Amino acid sequence: MASTDTEPDDLAGLEAGLDALDSVKVRRTPVREVLLRKVLPPLLAVALVLLVWQLLVRAQVTDDYKLPSPAAVWDSATDMWLRGTLLDVIWTSVSRGLLGFLLAVAIGTPLGLLVARVRTVRAAIGPILSGLQSLPSVAWVAPAVIWLGLDDRMMYAVILLGAVPSVANGLVSGVDQVPPLFLRAGRTLGATGLRGTWHIVLPAALPGYLAGLKQGWAFSWRSLMAAEIIASSPDLGLGLGQLLENGRNNADMPGIFLAIILILFVGIAIDLLIFSPLERWVLRSRGLLVKN
């Protein structure tokens, strides 16, 4: 009988082999091509939006206090920068959002595996997760304030209730798409239980899981903004949601537009810097994304 000490090596080899079956060789993209295909189009789109915005202001399609000019919004940002509050406001929300998202991943990942692998759990919890995913996150703000008070615990609770179902459902979807051949090959080499999950199921389900993580971040960010807008308090510090609400209370349209732009910028930046490169790498390594 073969020694069981070789089983981990066999499983690692199987995992690498499964990846190699789908992998493709890609060339390194020249910097000039990256600039032309990846950087220039977004810059042109931003320039077009600013141009249309300025034309609407000049055409006086509405009152000045309803539609501030790009220059007025820039002045508002400059004023916050000179007062040293701009980066603090951004970091307050970003740090909350990222920490809440990491907590959602820590909870949603084992929950998703449990739902995906145990039929009775899926029958009991699966519909609830789907329902929670479709429930607007703003609905949780009022009970969270009553249960936990106006502090960061309330913020994280709203984030978790909004993001955990997305992370879990993404993993369930990824596991459901694992080819049965992979599972049979793993069982042949003794990859059952937790070892089979680690060496076979999770690597094969990674594309779907990543899609769930990406959606989970979007839900985390939206949930946080809803909580910050509704549950404003000096004890919570000034985040982007509170900045938006303060602009509404003070009828400060440049401040409102600045808050909206910053919220949009952070969401796009996190996606472009973290999730999009990771998603492209996973898809390309499995032959699902081929560069011309």
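Definitions and cut-offs
- Residues numbered from 1 in each chain as written.
- Predicted model: local features only at pLDDT ≥ 70, side-chain atom pairs only at ≥ 80, totals over all residues.
- Heavy atoms only, no water.
- Helix = DSSP H or I, 4+ residues; strand = E, 2+ residues; numbered from the N terminus.
- Buried < 20%, exposed > 50% of the residue type's maximum accessible area, 1.4 Å probe, protein only.
- Contact = heavy atoms within 4.5 Å.
- Salt bridge = Lys/Arg side-chain N within 4 Å of Asp/Glu carboxyl O.
- Phe/Tyr/Trp six-rings, centres within 6.5 Å; stacked < 30°, edge-to-face > 60°.
- Lys NZ or Arg CZ within 6 Å of the ring centre and 35° of its normal.
- pLDDT = per-residue confidence, 0-100.
- Core = buried A, V, L, I, M, F, W, Y, C linked by side-chain atoms within 4.5 Å.
- Polar contact = N/O pair within 3.5 Å; in protein donor to acceptor, adjacent residues only side chain to side chain.
- Axes fitted to C-alpha atoms, helices over the stretch in contact; angles between N-to-C directions.
- Parallel < 35°, antiparallel > 145°, perpendicular 65-115°, else oblique.
- Left-handed = near helix turned anticlockwise from the far one by under 90°.
- Nonpolar A, V, L, I, M, F, W, Y, C, P; charged D, E, K, R; others polar.

Topic: the overall build of the protein chain
Here's step 1: When you go through the protein chain residue by residue, the secondary structure sums to twelve helices and zero strands.
Here's step 2: Buried positions account for 38% of the 292 residues belonging to the protein chain.
Here's step 3: Within the protein chain, residue pairs in contact and separated by at least 24 positions form 75% of the contacts whose partners lie at least 6 positions apart.

Notes on the pattern of salt bridges
Here's step 1: Scanning the entire structure with this criterion turns up six salt bridges.
Here's step 2: Between Arg 96 and Asp 152 there is a salt bridge whose closest N-O contact spans 3.1 Å. You can see Arg 96 sitting in helix H4 (residues 86–117) and its partner Asp 152 sitting in helix H7 (residues 152–176), a full 56 residues away along the chain.
Here's step 3: Judged by its relative accessible area of 34%, Asp 152 is partly exposed.
Here's step 4: Of the charged contacts in the structure, one is a salt bridge between Arg 96 and Glu 228, with a shortest N-O distance of 2.9 Å. Here Glu 228 lies in helix H10 (residues 206–230) and Arg 96 lies in helix H4, a separation of 132 residues in the sequence.
Here's step 5: Given the relative accessible area of 4%, Arg 96 is considered buried.

Some thoughts on the packing of aromatic side chains
Here's step 1: Inspection of every chain in the model, using the stated rule, returns four aromatic pairs.
Here's step 2: Between Phe 101 and Trp 217, the ring centres sit 6.1 Å apart and the planes meet at 85 degrees, which makes this aromatic pair edge-to-face. Here Phe 101 is found in helix H4, whereas its partner Trp 217 is found in helix H10, with 116 residues between them in sequence.
Here's step 3: The exposure class assigned to Phe 101 is buried, which follows from its relative accessible area of 8%.
Here's step 4: Geometry around Phe 219 places Arg 222 over its ring, the cationic atom sitting 5.0 Å from the centre.

Things to note about the environment of Ile 230
Here's step 1: Following the sequence through the fold, Ile 230 ends up in helix H10.
Here's step 2: Between the alpha carbons of Ile 230 and Val 138 there is a distance of 8.5 Å; along the sequence they are 92 residues apart.
Here's step 3: Beyond its immediate chain neighbours, meaning those up to four positions away, Ile 230 contacts Val 138 and Val 141.

Thoughts on the confidence of the model for the protein chain
Here's step 1: With 77% of its residues at a pLDDT of 70 or more, the protein chain shows a mean pLDDT of 80.
Here's step 2: Per-element confidence in the protein chain ranges from a low mean pLDDT of 54 for helix H1 (residues 7–22) to a high of 92 for helix H3 (residues 70–82).

Focus: the nonpolar core
Here's step 1: With 53 residues, the main nonpolar core has Met 154, Leu 213, Trp 221 and Leu 240 as its most contacted residues.
Here's step 2: Of the residues forming this core, the biggest block, ten residues, is contributed by H7.
Here's step 3: Ignoring any residue separated from it by four or fewer positions in sequence, one finds Leu 240 in contact with Val 89, Ile 90, Ser 93, Trp 221, Met 225, Glu 228, Ala 259, Leu 262, Ile 263 and Val 266.

Side note on the side chain of Glu 245
Here's step 1: Residue placement: Glu 245 occurs in helix H11 (residues 240–249).
Here's step 2: One polar contact links Glu 245 to Arg 248, side chain to side chain, over a distance of 2.7 Å.

So, the packing of H4 against helix H12 (residues 253–285)
Here's step 1: Axis separation between H4 and H12 bottoms out at 11 Å; the angle between their running directions is 50 degrees. Classified by the angle between their axes, H4 and H12 sit oblique to one another. For the crossing formed where H4 meets H12, the hand is right-handed. Touching Leu 86, Ile 90, Val 94, Leu 98 and Phe 101 of H4 are Leu 262, Val 266, Ile 270 and Phe 275, all from H12.
Here's step 2: For the contact of H4 with H12, a count of residues per class yields nine nonpolar, no polar and no charged.

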